[in-house]
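If you want the building blocks of each chain, they are given just below.
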Amino acid sequence: MDMQKIGAFLADLRKEHNLTQEELGEQIGVTNKTISRWENGNYLPPVEMLQILSNKYEVSINEILSGERLDSKDYKTKAEENIAVALESSTFTLKDKKAFYEKKWLNDHLLELIVEMMLMFSFAIISAIFCKELCVIISIVCLVWAFWINNRRAYYVEDHLYASALMKFKNDEK
């Protein structure tokens, strides 16, 4: 991929829509410096931003990555080239991203998890000492709690993996 060509194409698209770098940045949630870096060919927009720019400018991601408008004849060839290059240069896979967000969720909720586990453990000990029948109830509550925590974590990770950039763009359009 020719990043200079992509950058020039992004700049042309922005100008066709009569936007300044600052205006575009405000609309898609990045700084004007980020737009400038993309347009100068210093950086390639991340995948989420490629999708947002594609929708905004009404061009395909393939055309953005090719740095030009494509006719139907060249479209498939360029798509194959762009996919091959993207796969070769991909350093942050979906698996890596998922692991990052799982770790972030755990770090953000660690204190809460510790307090909740201490409370559950305390209730389990108290019920074992004073009321054996409560042990079964406490065990069920602990099991439900574990499923609930796992679902909260999974929701957080999936939300950050797939939805956040797209939802922001859709909300900005309204």
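Higher on the page you've got the structure.
Rules behind the numbers
- Residues numbered from 1 in each chain as written.
- Predicted model: local features only at pLDDT ≥ 70, side-chain atom pairs only at ≥ 80, totals over all residues.
- Heavy atoms only, no water.
- Helix = DSSP H or I, 4+ residues; strand = E, 2+ residues; numbered from the N terminus.
- Buried < 20%, exposed > 50% of the residue type's maximum accessible area, 1.4 Å probe, protein only.
- Areas by Shrake-Rupley, 256 points an atom, 1.4 Å probe, with all protein chains shown as cover.
- Axes fitted to C-alpha atoms, helices over the stretch in contact; angles between N-to-C directions.
- Parallel < 35°, antiparallel > 145°, perpendicular 65-115°, else oblique.
- Left-handed = near helix turned anticlockwise from the far one by under 90°.
- Contact = heavy atoms within 4.5 Å.
- Nonpolar A, V, L, I, M, F, W, Y, C, P; charged D, E, K, R; others polar.
- Salt bridge = Lys/Arg side-chain N within 4 Å of Asp/Glu carboxyl O.
- Patch = residues over 30% accessible without salt bridge, like charges linked within 9 Å, V, L, I, M, F, W, Y side chains within 5 Å.
- Polar contact = N/O pair within 3.5 Å; in protein donor to acceptor, adjacent residues only side chain to side chain.

### Observations regarding the overall build of the protein
- The helix and strand tally for the protein stands at eight helices and zero strands.
- Across the protein, helices and strands are ordered from the amino to the carboxyl terminus as α-α-α-α-α-α-α-α.
- Across the 174 residues in the protein, those meeting the buried criterion constitute 29%.
- With an accessible surface of roughly 11,800 Å², the protein has 61% of that area assigned to carbon and sulfur atoms.

### So, the packing of helix 2 (residues 21–28) against helix 4 (residues 47–57)
- One can describe the packing of helix 2 onto helix 4 by two numbers: an axis separation of 11 Å at closest approach and a directional angle of 115°. Classified by the angle between their axes, helix 2 and helix 4 sit roughly perpendicular to one another. Relative to helix 4, helix 2 is oriented so that their crossing is right-handed. From helix 2, L24, Q27 and I28 reach across to helix 4, where they touch M49, I52, L53, K56 and Y57.
- Taken together, the residues of the contact of helix 2 with helix 4 sort by class into six nonpolar, one polar and one charged.

### Details of the environment of D159
- Position of D159 among the secondary structure elements: in helix 8 (residues 132–173).
- The class of D159 is partly exposed, set by a relative accessible area of 28%.
- For the pair formed by D159 and Y101, sequence separation is 58 residues and the distance between their alpha carbons is 9.7 Å.

### Details of the pattern of salt bridges
- Considering all chains together, one arrives at seven salt bridges under this definition.
- One salt bridge connects E68 with K5, and the closest N-O pair in it is separated by 3.6 Å. One end of the pair, E68, is in the loop between helix 5 (61–66) and helix 6 (72–89); the other, K5, is in helix 1 (residues 3–16), and 63 residues separate them in sequence.
- For K5, a relative accessible area of 32% corresponds to the partly exposed category.

### Topic: a nonpolar patch on the surface
- A contiguous nonpolar surface patch, about 460 Å² in accessible area, is contributed by L106, L110, I114, M117 and M118.
- Looking at the secondary structure, you find M118 in helix 7 (residues 94–130).

### As for unusual backbone geometry
- Phi is positive for N18, which is not a glycine, with a value near 55°.
- Along the polypeptide, N18 turns up in the loop between helix 1 and helix 2.
- For N18, a relative accessible area of 68% puts it in the exposed group.
- Here the phi dihedral of E58 falls at roughly 55°; this positive angle occurs in a residue that is not glycine.
- Along the chain, E58 falls in the loop between helix 4 and helix 5.

### Structural notes on helix 4
- The set of residues buried in helix 4 consists of M49, L50, I52, L53, S54 and Y57.
- Looking one or two residues beyond helix 4, the residue adopting positive phi is E58, at roughly 55°.

### Looking at the side chain of H109
- Here H109 is to be found in helix 7.
- The exposure class assigned to H109 is buried, which follows from its relative accessible area of 17%.
- A polar contact of 2.8 Å, which involves the side chain of H109, links it to the backbone oxygen of W105.

### Re the environment of I137
- Among the structural elements, I137 can be located in helix 8.
- Residue class for I137 comes out partly exposed when judged on its relative accessible area of 47%.
- Linking I137 and S127, residues 10 residues apart in sequence, is a C-alpha distance of 9.3 Å.

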